[in-house]
Amino acid sequence: MKTATFKSRKVTCRSYTKNVGHGFEVGLLCGSRPLFVGNFLHSSEASTWYRIMNREIKNFSKRYVISAKATPTWHLRFLSNHLYRCYYQFVDRLMARHAKSFTREVSRNQRKYRTLNRNWDRKECVPFLKAA
């Protein structure tokens, strides 16, 4: 588990990444309240997002400075929405990459099936049925 702490006046937030079941969780906590939680299957994607998320938090705090009179809950909700927007942009890029690789693999498997299918006896072929 990796963590990083961010502090602004009286508000302290902690970003983390940890193993959860068969996947990985990356999140941001403010006290015990979660502001952001993202889940990944691959550790490389989780660590990349963790690095991007920490950079986005630093850039956000420099770009959007909060006044002492402003409520911290509004600012934290703004940060949370910003992180979710960045997260879904990151996931969209990953999904495009995965979709491209799986499409390529399916077409490769279909070509192999067509070459193997010529040599099979139809009486020996068994369909893939639902088990009871």
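Look up: the structure comes first, before these words.
These notes cover the structure that comes with them. For clarity, every value in this text was computed on a predicted model and none was experimentally measured.

With that settled, the discussion passes to the environment of Lys-2. Topologically, Lys-2 is positioned in strand E1 (residues 2-8). A residue is classified by how much of its surface remains accessible, and Lys-2, at 42% relative accessible area, is partly exposed. For the pair Lys-2 and Ser-47, spaced 45 residues apart in sequence, the C-alpha to C-alpha distance is 9.4 Å. Excluding its chain neighbours within four sequence positions, the residues that come into contact with Lys-2 are Ser-15, Tyr-16, Thr-17, Ser-47 and Tyr-50.

Time to look at the state of the cysteines. If you walk through the whole model with that rule in mind, you get 0 disulfides. A disulfide-free cysteine, Cys-30 has its sulfur positioned 3.4 Å from the sulfur of Cys-13, the nearest such atom.

The subject of this paragraph is the packing of helix H1 (residues 43-63) against helix H2 (residues 72-117). In the contact formed by H1 and H2, the axes pass within 10 Å of each other and the chain directions differ by 145 degrees. In this structure, H1 crosses over H2, and the sense of that crossing is right-handed. Contacts from Glu-45, Thr-48, Trp-49, Ile-52, Met-53, Glu-56, Ile-57 and Phe-60 in H1 reach His-75, Phe-78, Leu-79, His-82, Leu-83, Cys-86, Tyr-87, Phe-90, Arg-93, Leu-94 and His-98 in H2. Residues belonging to the contact of H1 with H2 are distributed by class as follows: 12 nonpolar, 4 polar and 3 charged.

Within this structure, the stated rule accounts for 13 aromatic pairs. An angle of 50 degrees between the planes, with centres 5.8 Å apart, marks the rings of Phe-36 and Trp-49 as tilted. Note that Phe-36 is positioned in strand E4 (residues 33-40) and Trp-49 in helix H1, a separation of 13 residues in sequence. A relative accessible area of 0% places Phe-36 in the buried class. A relative accessible area of 0% places Trp-49 in the buried class. Seen in terms of ring centroids, Tyr-84 and Tyr-88 are 6.3 Å apart; in terms of plane orientation they differ by 25 degrees. Their pairing is stacked.

The next thing to look at is the nonpolar core. Ranked by size, the top nonpolar core spans 25 residues in total, and within it Leu-28, Phe-40, Trp-49 and Met-53 carry the most contacts. Among the elements that take part in this core, H2 stands out by supplying 8 residues, more than any other. Ignoring any residue separated from it by four or fewer positions in sequence, one finds Trp-49 in contact with Val-26, Phe-36, Phe-40, Leu-83, Cys-86, Tyr-87 and Phe-90.

Moving on, we get to the pattern of salt bridges. Side-chain pairs of opposite charge can arise where the charged atoms are in close proximity. Per the counting criterion, the structure on display carries 1 salt bridge. Here Arg-108 and Glu-105 are joined by a salt bridge, their closest N and O atoms 3.0 Å apart. Residue Arg-108 and its partner Glu-105 are both found in helix H2; the two are separated by 3 residues, about one turn of the helix. Under the relative-accessibility criterion, Arg-108 is labelled partly exposed at 41%.

Calculation notes
Residues numbered from 1 in each chain as written. Predicted model: local features only at pLDDT ≥ 70, side-chain atom pairs only at ≥ 80, totals over all residues. Heavy atoms only, no water. Helix = DSSP H or I, 4+ residues; strand = E, 2+ residues; numbered from the N terminus. Buried < 20%, exposed > 50% of the residue type's maximum accessible area, 1.4 Å probe, protein only. Contact = heavy atoms within 4.5 Å. Disulfide = S-S within 2.5 Å. Axes fitted to C-alpha atoms, helices over the stretch in contact; angles between N-to-C directions. Left-handed = near helix turned anticlockwise from the far one by under 90°. Nonpolar A, V, L, I, M, F, W, Y, C, P; charged D, E, K, R; others polar. Phe/Tyr/Trp six-rings, centres within 6.5 Å; stacked < 30°, edge-to-face > 60°. Core = buried A, V, L, I, M, F, W, Y, C linked by side-chain atoms within 4.5 Å. Salt bridge = Lys/Arg side-chain N within 4 Å of Asp/Glu carboxyl O.

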